[in-house]
Amino acid sequence: MEHIRTPKVENVRLVDRISSKKAALGTLYLTATHVIFVENAPDTRKETWILHSQISTIEKQATTATGCPLLIRCKNFQLLQLIIPQERDCHDVYISLIRLARPVKYEELYCFSFNPKLDKEEREQGWMLIDLSEEYKRMGLPDDYWQLSDVNRDYRVCDSYPTELYVPKSATAHIIVGSSKFRSRRRFPALSYYYKDNHASICRSSQPLSGFSARCLEDEQMLQAIRKANPGSDFIYVVDTRPKLNAMANRAAGKGYENEDNYSNIKFQFIGIENIHVMRNSLQKMLEVCELKSPSMSDFLWGLENSGWLRHIKAIMDAGIFIAKAVSEEAASVLVHCSDGWDRTAQVCSVASLLLDPHYRTLKGFMVLIEKDWISFGHKFNHRYGNLDGDPKEISPIIDQFIECVWQLMEQFPCAFEFNERFLIHIQHHIYSCQFGNFLCNSQKERQELKIQERTYSLWAHLWKNRADYMNPLFRADHSQTQGILRLPTTPCNFMYKFWSGMYNRFEKGLQPRQSVTDYLMAVKEETQQLEEELEALEERLEKIQKVQLNRTKVKSKQSEPSKHSGFSTSDNSTANTPQDYSGNMQSFLSRSPSQGDEDSALILTQDNLKSSDPDLSANSDQESGVEDLSCRSPSGGECVPSEDSGKDRDSDEAVFLTA
Amino acid sequence: MEFAELIRTPRVDNVVLHRPFYPAVEGTLCLTGHHLILSSRQDNTEELWLLHSNIDAIDKRFVGPLGTIIIKCKDFRIIQLDIPGMEECLNIASSIEALSTLDSITLMYPFFYRPMFEVIEDGWHSFLPEQEFELYSCSCDEWRLSYVNKEFAVCPSYPPIVIVPKSIDDEALRKVATFRHGGRFPVLSYYHKKNGMVIMRSGQPLTGTNGRRCKEDEKLINATLRAGKRGYIIDTRSLTVAQQARAKGGGFEQEAHYPQWRRIHKSIERYHILQESLIKLVEACNDQTHNMDRWLSKLEASNWLTHIKEILTTACLAAQCIDREGASILIHGTEGTDSTLQVTSLAQIILEPRSRTIRGFEALIEREWLQAGHPFQQRCAQSAYCNSKQKWESPVFLLFLDCVWQILRQFPCSFEFNENFLIMLFEHAYASQFGTFLGNNESERCKLKLQQKTMSLWSWVNRPSELRKFTSPLFEANNLVIWPSVAPQSLHLWEGIFLRWNRSSKYLDEAYEEMVNIIEYNKELQAKILPQLIPSLLLEGGKLQRCKQS
């Protein structure tokens, strides 16, 4: 609390992004965990909540006659522009937020104060929901070729790896340790995914310390052991996910890539995915495009192309497709690495696993996949997502890209995934929110030292509990799309990759489709289920009654129809749908702004108003504004967690699009 | 002329057909007066049954004795035929070329087509102007039907019956017609029941350089305003273009002469600019060799989505004037047969729930495109692969359909029809066995005696078996105005049209099927529960204990 210079500023205006003329007047509160803006409008008192950990940048802009503008950009792509009347207040808020948004100790993070009112047992159960040893068993391990190794017990060999790892049976501790000494940060080749149908595997590691000519017998034996663990193939692919130039440059630093001449029976392949710095800049550029005020079509498409974002997404997908094909069609094992083997390698291994194994396309399976390829293998969440104040050059949207790859696949295979887009968006949100302990720290070892499982809650349990909101209504376990491998077209289809406005413009509700097919179908399915139950009950009762009435006269004749059974009318769930600014630069002529909340366009069916789904989404609406108390408790019964979507933003599209 | 003269080789064996996403097929190729047919004679199916009028362009290649004909269709499909024998190949190619570019409309397939289905309702009489007038304007006595154009003498591109202000007599209309481009005097396009505001459309006023005026014209359009009200004139051309038009005798309404009206200029492109945009877009979609960046840059360079945005924005603006500002509007460009109709019809999609139903949409196309004199014959003569530099081909109607698709995408539960309905209309506008889209206006259609000699598209579409394919399972009627977003993030490439032949739609089709199943099953249960509910209600003496309280 000592970092809060001023807990409350009144007469602050929250500027609407789409129409700069409309601003909501309200009060700004700073708490230990959130920035909260409460509108003055008495009927709504709409609240906008921003977690400090979501704040990416804060920008103080030049003071104008109306006050001092403060621009807050969030990691979940929300953009907030506040105008604070007094320069002094603005400065205080600015300084406070700068500090609050960059905690220096883990203990400052929200998950250590967040209390969803679960008892110890429930919390522990939550952490047990996803169990990697179960997952390896599901893959068919251990078997004749692979075994669990205890070589990394107590993180003795590699401190960024998990303790439980699967390695080829023929790889002795001597070989593993030897190999680890020849790999960056000792990240030796270990199993990521095992395709039990044909014994091909996906292994992962970091780059070899080969320099220009160095060799390591144990490392060569290690690769040999991986090859031998797959009797169906006489070679393995070694996939270096970096651009060749980058890999070559690494040789000068004593690192590099495998020399095909030194390793027997390997096929070496570069797949050029750019490094974290390129990705960070690319996202930055794309977000600038998203932020443009009324851009032309050309501005937008040109900016999107110029950002290179979709090209990077495609590169990651291409790598995943290559590996999945090698495994399924050539029955060849693949060793994947990049430099340290925790960014591009994680992306590519998880995309390939997702393509190969339908289990990862289920709700629980997807959690397992993130747990396996990202959390356990030491993806540096803390550094990449800037949870603690650190080197800004370490920050990069690596898992965001993976999540987008999944979305791109969902667009191509609408029936193949058990979960929906909302599930991906909420996971992305919580990677940054630090509300749950799952994504803390840079490695398993650090998390263990911090006793994360004893002190925080697991996101997976939270998502699982609300799984009804994350279901894809088109998913059916016995549908052909949910079986086997996802096969993408072999020809390069660039138009396959599309801009994901549901993620990057998700807070601009006016830009999203106004009716959601997913939500509509979910409501239909829910009703169907009720009907099924009702029908069953009716049949039972009818049978009973008929027995009783058997001797009485038969009832004939038809009756008037009961009222229609529709529980999911689109227009029930209404918010105002108002026109955008269609007049462009013809600003002067249409002077009167349309009345707000006009009665006539109530038909929006989107996630926000149809369901309160994740309590995160809607929690804030019924909270009292006793702000000091709000920080880490949820007043409305333990489930409500103020965070996602910054509150009951349901009338955010009530924006007046007419800049008169 | 006999078709036989044009068919040099009616039949070739061992022709190999290559189509996207299908394995190559070898079969017999047959040429008839109107079709190109290829059958492998397996399962008694024809692998190819293509209307000559659907052919946009053909290329031929030879490798030794093997000839290849590449056929580019107006629906953007590209197919390849490998024909053994150079002579056969040349004969086939020149026959196709001749048959696909017939000069006379009366030689087109609709004049020869005999339907194999039972006509339940004759589509030529489905949307009579009088009925439509009843439907739209019965509530007001400010409007009347005028038969002034009965002989197409006042305006050759107007239908015989138009709706005009009641206070304006036919004599005045004749005078106004001389002051408007193509005789297209202002007529009613849409009546907004909610507040009585209207959309009128016309051709440009012929003010010329010396600022000619026409009292009757001013009187006519002022007659549409209620006391003390102001209206908007939306000119679909930029101010510069409108000013340049004066030199050619055209022009725009001067403020001084129309003091109750405010003029807004929007710039919607026309003619060959749109055609070039289409050519570039289809080229980009067909080119699969480039990397991600070049795809986006080509998409951008085609400007197609820019045109979509411009048209939609103008339509939204028009709708906004009507519904939000409570002001009537007059819309025109130059002729009033292209961009004007895009705007008037899209504004109605936004404002009028009926136009979002299947029948309502058909009526809209009948009123705002066919009757209103959009020159389909000229505009749809060629498509994206044409090399002719004719000035009048232009994908104006396709742009309109694309805009409708954009709105449909944003409001998937508000339309009774699905994407397939729009695709079907696109196909039939360019090549069809039906007479509906033949001719450039009602006058030409009358002369061609289309009603007597051809079948209407609506006769075919409006049968239950066809309607089923075009009905959206998601539809829930709502009486609201729907305001689409026109931000670039909200506008998308219409993959169902432009990538239709370049990607497999298998998984998307499966998803659609799944969606239908989910909803049908729900309806089935609802239907089941009624007969169950009734006896149990009766038996229990009306005591209703529903399991579900919905």
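Residues numbered from 1 in each chain as written. Chains lettered and ligands numbered in written order. Predicted model: local features only at pLDDT ≥ 70, side-chain atom pairs only at ≥ 80, totals over all residues. Heavy atoms only, no water.

A.B. asks: Now, about the overall build of chain A: what can you tell me, with residues and values included?
C.D. replies: The helix and strand inventory of chain A stands at 22 helices and 14 strands. Looking at the 660 residues of chain A, the share that counts as buried comes to 62%. Contacts spanning at least 24 positions in sequence make up 73% of the contacts within chain A whose residues lie at least 6 apart. Of the roughly 25700 Å² of accessible surface on chain A, 48% is carried by carbon and sulfur atoms. (Helix = DSSP H or I, 4+ residues; strand = E, 2+ residues; numbered from the N terminus. Buried < 20%, exposed > 50% of the residue type's maximum accessible area, 1.4 Å probe, protein only. Contact = heavy atoms within 4.5 Å. Areas by Shrake-Rupley, 256 points an atom, 1.4 Å probe, with all protein chains shown as cover.)

A.B. asks: Give me the sheet that holds strand 10 (residues 187-192) of chain B: which residues, what numbers.
C.D. replies: Residue and element names in this part refer to chain B. Strand order in this open sheet of five strands is 10-11-14-12-13, and the pairing throughout is mixed. If you trace the sheet from one side to the other, it starts and ends with strand 10 and strand 13 (261-265), each paired once. Shown here is a sheet whose adjacent strand axes are inclined to one another by a mean of 20 degrees, direction ignored. Bridge count for strand 12 (residues 231-235) against strand 13 is five bridges, and the pairing is parallel. Pairing of Gly231 across the sheet is with Trp261, part of strand 13. (Pairing = 2+ DSSP bridges. Axes fitted to C-alpha atoms, helices over the stretch in contact; angles between N-to-C directions.)

A.B. asks: Before we move on, could you go through the environment of Tyr161(A) and cite the residues and values that matter?
C.D. replies: Tracing the backbone through its elements, the reader meets Tyr161(A) in the loop between strand 8 (146-149) and strand 9 (165-168). The spacing of Tyr161(A) and Ala190(A) is 29 residues in sequence and 9.5 Å in space, taken between C-alpha atoms.

A.B. asks: Give a description of the packing of aromatic side chains that names residues and reports values.
C.D. replies: In this structure the tally under the stated criterion is 58 aromatic pairs over all chains. Measuring from ring centre to ring centre gives 5.4 Å for Phe114(A) and Phe436(A), while their planes differ by 75 degrees; the resulting arrangement is edge-to-face. Placement of the pair is Phe114(A) in the loop between helix 1 (87-100) and helix 2 (120-128) and Phe436(A) in the loop between helix 14 (421-433) and helix 15 (444-449), with a sequence separation of 322 residues. Their ring planes at 75 degrees and their centres at 5.4 Å tell us that Trp304(B) and Phe498(B) sit as a pair that is edge-to-face. Of this pair, Trp304(B) sits in helix 9 (residues 304-323) while Phe498(B) sits in helix 19 (residues 495-498); the two residues are 194 residues apart in sequence, bridging distant segments of the chain. Above the ring of Tyr457(A), the side-chain terminus of Arg123(A) is found at 5.9 Å from the ring centroid. In this arrangement the basic side chain of Lys509(A) is found over the ring face of Phe507(A), its NZ or CZ atom lying 5.8 Å from the centre. (Phe/Tyr/Trp six-rings, centres within 6.5 Å; stacked < 30°, edge-to-face > 60°. Lys NZ or Arg CZ within 6 Å of the ring centre and 35° of its normal.)

A.B. asks: An account of the packing of helix 10 (residues 339-351) of chain B against helix 13 (residues 396-410) of chain B is requested, with residue identities and associated values reported.
C.D. replies: Residue and element names in this part refer to chain B. Here helix 10 crosses helix 13 at 20 degrees, and the two axes come no closer than 10 Å. Judged on the interaxial angle alone, helix 13 and helix 10 are roughly parallel. Where helix 10 crosses over helix 13, the two elements pack in a sense that is right-handed. Contacts between helix 10 and helix 13 involve Gln342, Ser345, Leu346, Ile349 and Ile350 from the first element and Val396, Leu399, Phe400, Cys403, Val404 and Ile407 from the second. Here the residues of the contact of helix 10 with helix 13 sort into nine nonpolar, two polar and no charged. (Parallel < 35°, antiparallel > 145°, perpendicular 65-115°, else oblique. Left-handed = near helix turned anticlockwise from the far one by under 90°. Nonpolar A, V, L, I, M, F, W, Y, C, P; charged D, E, K, R; others polar.)

A.B. asks: Describe a nonpolar patch on the surface, naming the residues involved and giving the relevant values.
C.D. replies: All names here are of chain B. On the surface, a nonpolar cluster with roughly 250 Å² of combined accessible area is contributed by Phe62, Met86 and Leu90. Among the structural elements, Leu90 can be located in helix 2 (residues 86-100). What makes Leu90 partly exposed here is its relative accessible area of 37%. (Patch = residues over 30% accessible without salt bridge, like charges linked within 9 Å, V, L, I, M, F, W, Y side chains within 5 Å. Salt bridge = Lys/Arg side-chain N within 4 Å of Asp/Glu carboxyl O.)

A.B. asks: Report on the UniProt feature "active site" (unreviewed entry) in chain A, specifying residues and quantitative values.
C.D. replies: All names here are of chain A. As recorded in UniProt, the sites labelled "active site" (unreviewed entry) are Cys338. As for its placement among the helices and strands, Cys338 is situated in the loop between strand 14 (333-337) and helix 10 (344-356). Those residues in contact with Cys338 that lie beyond four places of it in its chain are Ser205, Ser206, Gln207, Asp240, Thr241, Arg242, Asp343, Arg344 and Thr345. (UniProt positions renumbered as here; feature names shortened; annotations may be inferred.)

A.B. asks: Quick one: what's the story with the confidence of the model for chain B, residue by residue and with numbers?
C.D. replies: All names here are of chain B. Here chain B averages 91 in pLDDT, while 95% of its residues score no lower than 70. Here residues 542-550 is modelled with pLDDT under 50, and outside its nearest four sequence neighbours on either side it reaches 13 contacts, counting other chains as well. Taken over the whole predicted complex, pTM reads 0.91, whereas the ipTM for its chain interfaces reads 0.93. (pLDDT = per-residue confidence, 0-100.)

A.B. asks: So what about unusual backbone geometry? Which residues, and what values?
C.D. replies: Residues and elements named next belong to chain A. Look at the link from Leu141 to Pro142: it is a cis peptide, with omega at -5 degrees. Although it is not a glycine, Ser294 sits at a positive phi angle of roughly 30 degrees. The exposure class assigned to Ser294 is exposed, which follows from its relative accessible area of 73%.

A.B. asks: Go over the confidence of the model for chain A, please, and point to the residues and values.
C.D. replies: Residues and elements named next belong to chain A. Per-residue confidence for chain A averages 84 on the pLDDT scale, and 83% of its residues sit at or above 70. Within the model, the stretch residues 554-576 combines pLDDT values under 50 with 54 contacts to residues more than four positions away or in other chains. Across residues 585-660, confidence stays below pLDDT 50; counting only partners more than four residues off in sequence or on other chains, it has 240 contacts.

A.B. asks: Residue-level account of the nonpolar core, with values.
C.D. replies: Of all hydrophobic cores here, the largest spans 230 residues; its most connected members are Phe366(A), Tyr504(A), Phe361(B) and Phe498(B). Ignoring anything within four residues of it in the chain, the contact list for Phe361(B) reads Ile349(B), Arg354(B), Ser355(B), Phe400(B), Leu401(B), Val404(B), Phe417(B), Phe421(B), Leu422(B) and Leu425(B). By size, the runner-up hydrophobic cluster in this structure holds 31 residues, among which are Tyr158(B), Val187(B), Leu188(B) and Ile221(B). (Core = buried A, V, L, I, M, F, W, Y, C linked by side-chain atoms within 4.5 Å.)

A.B. asks: Explain the side chain of Ser443(B) residue by residue, including any values.
C.D. replies: Within the fold, Ser443(B) resides in helix 15 (residues 442-447). Setting aside residues up to four positions removed in sequence, Ser443(B) forms contacts with Phe152(B) and Pro156(B).

A.B. asks: Tell me about the sheet that holds strand 1 (residues 11-18) of chain B, and name the residues and values.
C.D. replies: All names here are of chain B. As summarised here, the arrangement of the seven strands in space is 4-3-2-1-7-6-5, forming an open sheet in which the pairing is antiparallel. Looking at strand neighbours, the two that pair on one side only are strand 4 (48-51) and strand 5 (55-63), the edges of this open sheet. Shown here is a sheet whose adjacent strand axes are inclined to one another by a mean of 30 degrees, direction ignored. Across the sheet, helix 2 is in contact with strand 1, strand 2 (25-31), strand 3 (35-39), strand 5, strand 6 (66-73) and strand 7 (78-84); its angle to strand 5 comes to roughly 170 degrees.

A.B. asks: Can you lay out a negative patch on the surface for me, pointing to particular residues and giving the numbers?
C.D. replies: Taken together, the side chains of Glu532(A), Glu533(A), Glu536(A), Glu539(A), Glu540(A) and Glu543(A) define an acidic patch exposed on the protein surface. Turning to its location among the elements, Glu536(A) is positioned in helix 19 (residues 517-548). (Lys, Arg positive; Asp, Glu negative; His and termini not counted. Charge placed at Lys NZ, Arg CZ, Asp CG, Glu CD.)

A.B. asks: Quick one: what's the story with empty space enclosed by the protein, residue by residue and with numbers?
C.D. replies: All names here are of chain B. Under the definition given, this model contains five cavities of 30 Å³ or more. In this structure, the largest cavity encloses a volume near 310 Å³. For the lining of the largest cavity, the elements supplying multiple residues, two or more each, are helix 3 (129-137), strand 9 (162-165), strand 10 and helix 11 (358-371). Among the residues making up the lining of the largest cavity, the classes are represented as 15 nonpolar, three polar and five charged. (1 Å grid on protein atoms, 1.4 Å probe; cavity = no way out; pocket = protein on both sides within 12 Å on 5 of 7 lines; lining within 4 Å. Points joined across faces, edges and corners; volume = space filled by probe spheres on them.)

A.B. asks: Give me the packing of helix 9 of chain B against helix 10 of chain B: which residues, what numbers.
C.D. replies: All names here are of chain B. For the pair helix 9 and helix 10, the least separation of the axes is 8 Å and the interaxial angle reads 60 degrees. Between helix 9 and helix 10, the crossing angle belongs to the class labelled oblique. Pair helix 9 / helix 10 crosses with right-handed handedness. Contacts from Ile311, Thr314, Ala315, Cys316, Ala318, Ala319, Ile322 and Asp323 in helix 9 reach Gln342, Val343, Leu346, Ala347, Ile350 and Leu351 in helix 10. Here the contact of helix 9 with helix 10 is built from residues that sort into 11 nonpolar, two polar and one charged.

A.B. asks: Account for helix 10 of chain A, naming residues and giving values.
C.D. replies: Taking 1.5 Å per residue as the helical rise, helix 10 of chain A with its 13 residues ought to reach 18 Å, and the 18 Å between its terminal C-alpha atoms agrees with that figure. Judged by how many residues are buried, helix 10 of chain A sits mostly within the fold: 13 of 13 residues are covered. (Expected span 1.5 Å × (residues − 1).)

A.B. asks: How would you summarise the pairing of strand 3 (residues 34-39) of chain A if you had to cite specific residues and measurements?
C.D. replies: All names here are of chain A. The buried fraction of strand 3 amounts to six of the six residues, a majority that puts the element mostly inside the structure. Side chains His34, Ile36 and Val38 of strand 3 all project onto a buried face; the interleaved residues Val35, Phe37 and Glu39 project onto the opposite face, where all are buried too. Taken together, the five bridges between strand 2 (residues 23-30) and strand 3 define a ladder with antiparallel strand orientation. Bridge pairing in strand 3 links Gly26 to Glu39. Note: strand 3 against strand 4 (residues 47-51), five bridges, orientation antiparallel. Note that in strand 4 the partner of His34 across the bridge is Leu51.

A.B. asks: Give me the lowdown on the pattern of salt bridges, citing residues and values where you can.
C.D. replies: Counted under the stated rule, the structure contains 60 salt bridges over all chains. Arg138(A) serves as the salt-bridge partner of Asp357(A), at 2.8 Å between the closest nitrogen and oxygen. Placement of the pair is Asp357(A) in the loop between helix 10 and helix 11 (363-376) and Arg138(A) in helix 3 (residues 132-138), with a sequence separation of 219 residues. Among the residues examined, Asp357(A) registers a relative accessible area of 8% and is labelled buried. With a shortest N-O distance of 2.9 Å, Lys298(B) and Asp287(B) are connected by a salt bridge.

A.B. asks: Tell me what's going on with helix 5 (residues 215-222) of chain B, and back it up with residues and numbers.
C.D. replies: Residues and elements named next belong to chain B. Of all the residues in helix 5, the buried ones are Asp217, Glu218, Leu220 and Ile221. Along the long axis of helix 5, the arc covered by the buried residues comes to 160 degrees, so they all point the same way. Those residues of helix 5 that are exposed and angled more than 90 degrees off the buried face are Lys215 and Lys219. Contacts from the buried residues of helix 5 go to strand 9, helix 4 (170-179), strand 11 (197-201), strand 12, strand 13 and strand 14 (329-332). (Arc of directions from axis to C-beta.)

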